[in-house]
Number of protein chains: 2
Amino acid sequence: MKIHGENLTTIWEGADGASVEVLDQRVLPHLVESVTLRSVSDAHRAIVDMTVRGAPLIGVAAAYGLWLASLCWPARDFRPGLVRDAEYLKGSRPTAVNLAWAIDTLVAEVGALPEGADVPSALLAGARRIRERELAHCRAIGEHGVRLLEEAHRRAPGRPVRLLTHCNAGWLACIDWGTATAPIYVAQERGIPVEVWVDETRPRNQGASLTAFELGQQGIEHHVIVDNVGGHLMQHGLVDLCITGADRVTRRGDAANKIGTYLKALAAKDNHVPFYVALPSSTLDLTLGDGVAEIPIEERGPEEVTHITGWDGSTLRTVRVTPEGSPAVNYGFDVTPARLITGLITERGLCAAEEAAILRMLRGAPGAP
Amino acid sequence: MKIHGENLTTIWEGADGASVEVLDQRVLPHLVESVTLRSVSDAHRAIVDMTVRGAPLIGVAAAYGLWLASLCWPARDFRPGLVRDAEYLKGSRPTAVNLAWAIDTLVAEVGALPEGADVPSALLAGARRIRERELAHCRAIGEHGVRLLEEAHRRAPGRPVRLLTHCNAGWLACIDWGTATAPIYVAQERGIPVEVWVDETRPRNQGASLTAFELGQQGIEHHVIVDNVGGHLMQHGLVDLCITGADRVTRRGDAANKIGTYLKALAAKDNHVPFYVALPSSTLDLTLGDGVAEIPIEERGPEEVTHITGWDGSTLRTVRVTPEGSPAVNYGFDVTPARLITGLITERGLCAAEEAAILRMLRGAPGAP
């Protein structure tokens, strides 16, 4: 997708053959800068401090991080380094399942190699494959999801389709296309007008800063709203459908996503607005059933709530919005029960948010995760 | 209630006999300052720019504004001024019914006076009476509402009662005590431990800046959370009850309150958490039935969404949080249907959110509005 008219992705290999470049998502939309990762600790830090964020992108960044790590492992015995650095990277963010999936996939592949094998080359090939896979999956999610927008447009052809999304499940959370946004970009290719309500998504404002930015750069009509507004819009018939991303979806279809997603799903249900979750099937965690009880929810630092960073006209500046001495609590995600989800949009197609349908979808198509 | 250990109210008469002082709520919690109102346009501006806010306080400020206006009316014919300035003040905020109620009450009283009557003295007496009435009503709301906290404490005596509130329906929104907070302050007097989840309340952050501030100053345990968190807390049994204020409640019990209240009420219903709305009965608008269809919802400027003001360590500073060129939409209120409200807490007692119960409560007690 485009930034200032130029086609970019969120992560690419450095020209020196020993580094990775990532778009710095902490300074968007105010500055467009990249950060160079040269070591596993650079990659770990980029995930922890959210230089990169978004479940699919985190997985790819971690995969490249394992490659960067391997450049320092002794050639004669890579296994201790592999185990240590894989655990280290998996500990960087607890909620997104893609991260663990990417690392586990690479560990299994590389762990099977004989002593003396070219482990760095194998990991680089693996990271590239995961990157290409995520990219292709996002495009496929767009192809499947656009049917929902086409239908909505057929029902009300005289105006744009009005879609609400929460957080950033856009191309900035992935490599390109995005998950929740992919159907929007494919709709744009097909000439279907779409207007997006962009939830600000406190506390880190990924909607206001990233989703609004990428939609604007791509020329998609949108309005930023605070997270409190969605229910009112749905009560008044101003939302045709909701699409969000997910960080982890259980086999029963419960979806962990950015904190506040559950509230929008409740409002959608209460107002008969379809609520879809877009995800690559690598985000499915079949080991879990009851998402509310079983998905670990990351608690982040209170300063993300008490302080806000923005552009003061000449520089990024952080201001405190709470009284000195008032403590804050900061849960990063919540779980939307499957009963509130109209359907899942994956690279394999549309699917009901229920165990039998999910397992059928996974069995039915080749390359199940 | 206290600020820096000193007992204060939100509005008081100036020593010069021709002005009114109000706490400047735009700079709290970072600065504690008052603003002097000397004319009807000062009062109008203070309401429009939210130097004063909160339905009960707006009503009192408008009442004093009409008094300030009267100081400039010709003694021989006050009626044209009365009509003009009453309309002017009523136009300052559209959603709060207390504003219209206060002005209409004074207009009816003063309109009945003979030519040559001392209109300014009558209006000053009327404004004082409305102020005292709001104060007494808040205290009474506290006395009635504390029963809910006492009950919750009896059910789980080993820990504080955990209450969630949205926006600021505290003493800063009133004269003293508050509406939603009055039960908390009365509980404090009675030694019942209460812990409050304070919704930040974007876009103007009245929770993070005002509710957190007044609770902290009063020594009430609290945590600030972003508006997205409440559903997650309720899913995990961390909220015993919700109490919010209201800007207008219809005869059927539908409640207009700060945008986002509806989402919390949905989450409360979904998790069997009692959801109460605290209000002086002057906030009831018996002329309206279906709140979602009939209550006018104020749309405010987009800059409240795109920009955030906070403390940078030495001064108040405003930063932009959205991309340049991304438009924003800013609805100030939403309507929570009565079916999601467990009950109303008014100065007359607890009452179901339904027409028959509301009318019975109003008939049963003296001094109906």
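As the structure is a computational prediction, the values presented were derived from the model and not from experiment.

Cut-off values and rules
- Residues numbered from 1 in each chain as written.
- Chains lettered and ligands numbered in written order.
- Predicted model: local features only at pLDDT ≥ 70, side-chain atom pairs only at ≥ 80, totals over all residues.
- Heavy atoms only, no water.
- Pairing = 2+ DSSP bridges.
- Helix = DSSP H or I, 4+ residues; strand = E, 2+ residues; numbered from the N terminus.
- Axes fitted to C-alpha atoms, helices over the stretch in contact; angles between N-to-C directions.
- Contact = heavy atoms within 4.5 Å.
- Left-handed = near helix turned anticlockwise from the far one by under 90°.
- Nonpolar A, V, L, I, M, F, W, Y, C, P; charged D, E, K, R; others polar.
- Buried area = accessible area lost by both parts, 1.4 Å probe.
- Salt bridge = Lys/Arg side-chain N within 4 Å of Asp/Glu carboxyl O.
- Polar contact = N/O pair within 3.5 Å; in protein donor to acceptor, adjacent residues only side chain to side chain.
- Least-squares fit on C-alpha atoms with pLDDT ≥ 70 in both.
- pLDDT = per-residue confidence, 0-100.
- Buried < 20%, exposed > 50% of the residue type's maximum accessible area, 1.4 Å probe, protein only.

A separate point is the sheet that holds strand β12 (residues 275-278) of chain B. Residue and element names in this part refer to chain B. Strand order in this open sheet of seven strands is β8-β7-β6-β9-β12-β17-β18, and the pairing throughout is mixed. The open sheet terminates on both sides in strands that have one partner only, identified here as β8 (221-225) and β18 (349-351). Taking the axes of each pair of neighbouring strands and ignoring which way they run, one obtains an average angle of 25 degrees across the sheet. Direction of pairing for strand β9 (residues 241-244) relative to β12: parallel, over a ladder of three bridges. Among the inter-strand pairings, Thr 244 is bridged to a residue of β12, identified as Val 277. Here helix α9 (residues 261-270) sits on the sheet in contact with β6 (161-165), β7 (194-199), β9 and β12, set at roughly 145 degrees to β12.

Attention now moves to the environment of Ala 63 of chain B. All names here are of chain B. Note on placement: Ala 63 falls in helix α2 (residues 55-70). Distance in space between the C-alpha atoms of Ala 63 and Arg 129 is 9.8 Å, their sequence separation being 66 residues. Setting aside residues no more than four positions away along its own chain, Ala 63 makes contact with Ile 103, Leu 106, Ala 127 and Ile 130.

Turning to the packing of α2 of chain B against helix α4 (residues 97-111) of chain B, a few remarks are in order. Residue and element names in this part refer to chain B. Where α2 meets α4, the closest approach of the two axes is 7 Å, and the angle between their N-to-C directions is 35 degrees. Read as a crossing pair, α2 and α4 show a hand that is right-handed. Touching Ala 55, Pro 56, Ile 58, Gly 59, Ala 62, Ala 63 and Leu 66 of α2 are Asn 98, Leu 99, Ala 102, Ile 103, Leu 106 and Val 107, all from α4. In terms of residue class, the contact of α2 with α4 is built from 11 nonpolar, two polar and no charged.

On to the interface of chain B and chain A, then. Contacts between chain B and chain A engage 61 residues on the former and 61 residues on the latter. Summing the contributions of chain B and of chain A, the shared interface buries around 4900 Å²; its carbon and sulfur component is 61%. Between chain B and chain A we count six salt bridges in total. Measuring nitrogen to oxygen at the nearest pair gives 2.9 Å for the salt bridge that ties Asp 270 of chain B to Arg 339 of chain A. Seen at the junction of chain B and chain A, the total is 26 residue pairs in polar contact (both at pLDDT 80 or more). Listed by contribution, the elements that provide at least two residues to the side of chain B that touches chain A are α7 (206-217), β8, α8 (230-235), α9, β14 (307-311), β15 (316-320) and β16 (333-336) of chain B.

The two copies are related by a screw operation: chain B maps onto chain A through 180 degrees of rotation and 0.0 Å of translation along the axis, at an RMSD of 0.0 Å. Such a combination of turn and shift is consistent with a two-fold rotation axis. Considering only C-alpha atoms, the part of chain B nearest the rotation axis is Leu 263 of chain B, at 2.9 Å. An overlap of 100% is found between the interface residues of chain B and their copies at the interface of chain A, pointing to a shared contact surface.

Fine structural detail should not be taken from predicted coordinates in areas where pLDDT scores are low. Taken over all residues, the pLDDT of chain A has a mean of 95, while the share at 70 or more is 98%. Scored as a whole, the predicted complex attains pTM 0.93, and scored at its interfaces, ipTM 0.93.

Another aspect to go through is the pairing of strand β4 (residues 20-23) of chain B. Residue and element names in this part refer to chain B. By the alternation rule, side chains of β4 split into Val 20 and Val 22 and Glu 21 and Leu 23, which are all buried. With three bridges joining them, strand β3 (residues 11-13) and β4 adopt antiparallel strand pairing. Across the sheet, residue Ile 11 finds its bridge partner in β4, namely Val 22. Counted along the chain from β3 to the antiparallel partner β4, the turn is six residues long, and its residue Gly 17 has a positive phi close to 75 degrees. The sheet contact formed by β4 and strand β5 (residues 34-37) spans four bridges and is antiparallel. For Val 22, the partnering residue across the bridge sits in β5 and is Val 35.

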